[in-house]
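Below are the chains, spelled out letter by letter.
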Amino acid sequence: MIINMDHLNVIPFDNINMGSEDDPNTALHLQHHQPHNLNLDFDFDYPNNNNDGDLLEPTSLSDPNLDPYEGMEFDSEQSARIFYNSYARRVGFSTRVSVYQRSRRDGSIICRQIVCSREGFRREGNENRSKRQRTVTRVGCKAQMTVKKQSSGKWAVTKLVEDHNHELVPPDKVHSLRSHRHVSGSARSLIDTLQAAGMGPSGVMSVLIRESGGINNVGFTKVDCQNYMSTSRQRTLGPGGQAVFDYLKQMQAEDPGFFYAVQGDFENSTGNVFWADANARMNYSFFGDTIKFDTTYRTNRYRVPFAPFTGWNHHGQPLLFGCALLLNESESSFVWLFQTWLAAMSGRRPISITTDQDRIIRAAVSQAFPGTRLRFCKWNVFREAQEKLSHEYHSHPTFEPEFHRCINMAESIDEFESCWESLLQRFDLSDNEWLQSMYNARQQWVPVYLQDTFFGEMSILQGSDSINSYFDGYINASTNIHNLIKQYEKAMAIRHEKEVKADYDTLNSPPVLKTPSPMEKQAANLYTRRIFMKFQEELVETLAYLATVVDDIGSAITYRVAKFGEDHKVHHVRFNAFEKRASCSCQMFEFSGIICRHILAVFRVKNVLTLPSNYILKRWTRNAKSGVVLDEHTLGLPFNTQESLAARSENLRLEAIKYVEEGAESEHIYNVAMDALHEAIRKVAAAKRCGSALLQTTVVNGSQQLQSCSLDEDEKIQELTAELEQASQRCEAYRTKLLCVMKDMEEWKLRISVKVQNVRLKMKD
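Just so we're clear, the structure is a prediction, and the values are computed from it rather than from any experiment. (Residues numbered from 1 in each chain as written. Predicted model: local features only at pLDDT ≥ 70, side-chain atom pairs only at ≥ 80, totals over all residues. Heavy atoms only, no water.)

J.: Where do I start with the overall build of the protein in this structure?
T.: Per the secondary structure count, the protein includes 23 helices and 19 strands. Taking all 765 residues of the protein together, the buried fraction comes to 45%. If you take every contact in the protein between residues at least 6 apart in sequence, the share linking residues at least 24 apart comes to 61%. Accessible surface for the protein amounts to roughly 39100 Å². Of this, 51% is attributable to carbon and sulfur atoms. (Helix = DSSP H or I, 4+ residues; strand = E, 2+ residues; numbered from the N terminus. Buried < 20%, exposed > 50% of the residue type's maximum accessible area, 1.4 Å probe, protein only. Contact = heavy atoms within 4.5 Å. Areas by Shrake-Rupley, 256 points an atom, 1.4 Å probe, with all protein chains shown as cover.)

J.: Would you mind showing me how to read the sheet that holds strand 14 (residues 545–551) here?
T.: Backbone hydrogen bonds hold the strands of a sheet together, and the pairing may be parallel or antiparallel. Strand order in the open sheet made by the 4 strands is 14-15-16-17, with antiparallel pairing throughout. Pairing within the sheet leaves two strands with one partner each, and these edge strands are strand 14 and strand 17 (581–584). Strand-to-strand twist in this sheet, taken as the mean axis angle between neighbours without regard to direction, amounts to 30 degrees. In terms of strand pairing, strand 15 (residues 556–563) meets strand 16 (residues 566–576) through 8 bridges, oriented antiparallel. Across the sheet, residue A562 finds its bridge partner in strand 16, namely V570. (Pairing = 2+ DSSP bridges. Axes fitted to C-alpha atoms, helices over the stretch in contact; angles between N-to-C directions.)

J.: Can you help me understand the nonpolar core in this one?
T.: Most often, soluble globular proteins have nonpolar side chains that are buried together. Residues F293, F309, F338, W341, F403 and F416 are the most contacted members of the largest nonpolar core, which totals 59 residues. Of all the elements, helix 8 (residues 331–344) adds the most residues to this core, at 8 residues. Every residue in contact with W341, bar those within four places of it in the chain, is listed here: F274, Y284, I291, F309, F321, P350 and F369. (Core = buried A, V, L, I, M, F, W, Y, C linked by side-chain atoms within 4.5 Å.)

J.: How should I be thinking about unusual backbone geometry in this particular structure?
T.: Note: most peptide bonds trans; most residues except glycine with negative phi. Backbone geometry places S346, a non-glycine residue, at a positive phi of 70 degrees. Tracing the chain through its elements places S346 in the loop between helix 8 and strand 12 (352–355). For N607, which is not a glycine, the phi torsion comes out positive at approximately 55 degrees. Mapping N607 onto the fold places it in the loop between helix 19 (597–605) and helix 20 (632–635).

J.: Before we go on, may I ask you to explain the environment of L342 in this structure?
T.: Tracing the backbone through its elements, the reader meets L342 in helix 8. Assessed through its relative accessible area of 10%, L342 is described here as buried. Sequence separation of L342 and A368 is 26 residues, and the distance between their C-alpha atoms is 8.3 Å. Sequence-distant contacts of L342, that is, excluding residues within four places in its chain, are made with G347, R348, R349, A368 and F369.

J.: Would you take a moment to explain the pattern of salt bridges for this structure?
T.: Opposite charge on two side chains makes pairing possible when the charged atoms of those side chains draw close. In the structure shown here, the tally under the stated rule is 22 salt bridges. D289 is paired through a salt bridge with R619; the nearest N and O atoms lie 2.9 Å apart. Of this pair, D289 sits in the loop between helix 7 (278–287) and strand 9 (290–293) while R619 sits in the loop between helix 19 and helix 20, and the two are 330 residues apart along the sequence. Neither D289 nor R619 differs from the other in exposure class; each is buried. Note that E541 is salt-bridged to K563, the shortest N-O span being 3.9 Å. Highlighted residues: E541 in helix 17 (residues 529–541) and K563 in strand 15, separated in sequence by 22 residues. (Salt bridge = Lys/Arg side-chain N within 4 Å of Asp/Glu carboxyl O.)

J.: Help me understand the side chain of R375, please; the structure alone is not making it clear to me.
T.: With respect to the element layout, R375 can be found in strand 13 (residues 373–376). Of the residues examined, R375 reaches a relative accessible area of 3% and is grouped as buried. Polar side-chain contacts of R375 include one of 3.0 Å to the side chain of T354. (Polar contact = N/O pair within 3.5 Å; in protein donor to acceptor, adjacent residues only side chain to side chain.)

J.: Please explain the UniProt feature "domain: SWIM-type" (unreviewed entry) in the protein as it appears in this structure.
T.: UniProt's entry tags residues 571–607 with the feature "domain: SWIM-type" (unreviewed entry), counted in the numbering of this structure. With 38% helix and 27% strand, residues 571–607 has end C-alpha atoms that lie 20 Å from one another. (UniProt positions renumbered as here; feature names shortened; annotations may be inferred.)

J.: Help me out: how do you make sense of helix 9 (residues 359–368) in this one?
T.: Helical periodicity: at 3.6 residues per turn, an α-helix aligns residues three or four positions apart in one direction. What helix 9 keeps buried is the set I360, I361, A364, V365 and A368. Projection of helix 9 onto a plane perpendicular to its axis shows the buried side chains occupying an angular sector of 135 degrees, all on one side. Residues of helix 9 that are buried make contact with strand 9, helix 8, strand 12 and strand 13. One side-chain oxygen at the N-terminal end of helix 9 lies 2.8 Å from the backbone nitrogen of I360; it belongs to D358. (Arc of directions from axis to C-beta.)

J.: Please explain a nonpolar patch on the surface as it appears in this structure.
T.: Residues W748, I752 and V756 make up a contiguous nonpolar surface patch of about 320 Å² in total accessible area. Judged by its relative accessible area of 55%, W748 falls in the exposed class. (Patch = residues over 30% accessible without salt bridge, like charges linked within 9 Å, V, L, I, M, F, W, Y side chains within 5 Å.)

J.: Would you mind showing me how to read the sheet that holds strand 7 (residues 259–262) here?
T.: The 7 strands lie next to each other as 7-8-11-10-9-12-13, forming an open sheet whose pairing is mixed. Where the open sheet ends on each side, the last strands, each with one partner, are strand 7 and strand 13. With strand direction ignored, the average angle separating the axes of adjacent strands in the sheet is 20 degrees. Where strand 9 meets strand 12, 3 bridges bridge the pair, whose relative direction is parallel.

J.: Can you walk me through the confidence of the model for the protein in this structure?
T.: In regions of low pLDDT, the predicted coordinates are not meant to be interpreted in detail. Confidence in the prediction of the protein, expressed as mean pLDDT, is 77, and 74% of residues score 70 or more. Residue range residues 1–62 is modelled with pLDDT below 50. Its contacts to residues more than four positions away, or to other chains, number 187 contacts. Between residues 463–468, whose pLDDT stays under 50, and residues either more than four places distant or in other chains, the model counts 25 contacts. (pLDDT = per-residue confidence, 0-100.)

J.: Could you clarify how one ought to interpret the packing of helix 10 (residues 378–388) against helix 12 (residues 399–408) in this entry?
T.: For any two helices packed against each other, the geometry is given by the interaxial angle and the distance between the axes. Two numbers describe how helix 10 lies on helix 12: the axes approach to 12 Å, and their chain directions differ by 155 degrees. If you check the angle between helix 10 and helix 12, you find them roughly antiparallel. As helix 10 packs across helix 12, the resulting crossing turns out to be right-handed. Contacts from K378, F382, A385 and Q386 in helix 10 reach E400, F403, H404, I407 and N408 in helix 12. A per-class count over the contact of helix 10 with helix 12 returns 4 nonpolar, 3 polar and 2 charged. (Parallel < 35°, antiparallel > 145°, perpendicular 65-115°, else oblique. Left-handed = near helix turned anticlockwise from the far one by under 90°. Nonpolar A, V, L, I, M, F, W, Y, C, P; charged D, E, K, R; others polar.)

Below, the structure written as structure tokens:
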């Protein structure tokens, strides 16, 4: 007998965790179909459908009392699971999916076991991991139905066990079983309405019970209702929404460079919201090569669906590129958000973007950022692994560190592949669906596959573990829409202070040099303090590395670079002496923008004493923000007399940094610079006192010029400027001569040092 599910009024079942969220077969839902006054239609509901409505409608049932039997056939595995869950509801037990078998030919599932939810036993975990006593739900029940795919394409019942070793649930309690609970489309609509009116879970549940004619007819529990209310977030900002919009309007009025946009209904505040201030947009022009889209605050733990765009500045500190409130999380909404953000950032796409592995976000990124490299947040992957692999984590204490080591420590693709296969074999995980899905997506989260793309992190091992670091300590689970803006501005102010302090430390706290290398001194003068420390670490390590030629054919030479005593860890560097270009198999420079110890070891052998310009990434230098002319018309930022306060402050800060650098080179220049600064301060104070009377605007040949009412002061400033220029030229001439002498000395020191080192090595041999 063949069962055609198109003609059965079976009821789908709920929350069977058996695979990837991308597979619509992984979560089918069952709902009690006894409507009373409230028409609660029960339907299929798939993950990530955003509760936008019902996907399938149940059909008529010709024989509601049909029992399963061996040899019964179904059109698909899904049909078999739906049927068995419908039978389980009638009998009084809950179901779940258990073991399966894959085809060796194409990897597809060909056999599936559907069991009573009380099958098996809970494995004892580490008692120290949790003090909460869990309810015993598994008692070793043997009831099950196994279906196997036939050569005809049908699925047949090959094994059936009907007897249970526990009491069955009576009809008036069966709605509480996990596989029979589902919040239907019409119930969701009513919950949304009641929640928008300010009603809590208890009140909403009371209305549902009354309208459906009893708790048995609701089809889900209060916990299910509460979970839905947490995830739906009312699709509106609620009473605090108007305060957010008032803030955005006020900011735009005060700063024409402030950008915001709303998707959907502006007045009722039910659409997504995006905003970025002038600083965020300007910072993107300096550091917009890599971004992170933080979706941490979308989870049920947080009350506000907040999503910031962040990056890294030249100190390696988190930087903000804009924020969003996600009230609608459909694919089209994410596409709108990414395209809107891109428009605010002058249309320049980043090299790379990091976010979580949400299917909808992945699809939106591919549409909005073609050519941008997508990476999954590794921290989110490891967090999901704790849930998906909880049995292995509890049963095998060594599994978690070995799993992390396999991901983080592999230095080549071959090494990772070998380690992964070994891990699956040793822990018998070859058939684990979640691990298989993550392996299929390995090029988007495993570090060794990503090291050829710039992500702006100091190490490949850093791996986006701190994707939400910008607002850590400012936005948490208790933050609501009313104090979101306050915390947002507080975080912005604190982050700005930290950047200013890092700028000051870079200029006023010269690092301690550890080698006589001219390259180290050059880097100390170029990089910010933190970036220099990373470079210095790589440079010092070269003293323990030996570079030997393995291929000297053509214009490029290939070197084998390994640490003394670690010949099993080898990297290969290809060096072009004419162009002074090198590429390393570790690809650290491509990933982080900082040159690796392996290339530096080759430079040492080839007497490359200073960093070639192509290995100095400007975004990591202390002057990363200077010398860059913003295309204000493209960015839409204010300009001329209408320039925003934020933009003016940033421009003055950059000029002041350059002024300090040049004015502190010698005592004479310092004195000249201080005199000019005092004069400028007096002039600014006079301008503030006199206001517009001191400055008159005249138009000459169509351009605006500012004329001071005090020509004598202008002439004095010009004289001082000319004197400063002459002093700078004399100082620069002395500095150039001194550098030449010092360079010669350093070269001789380095050559002698290398000779001494070689002699020591020969003596050891």
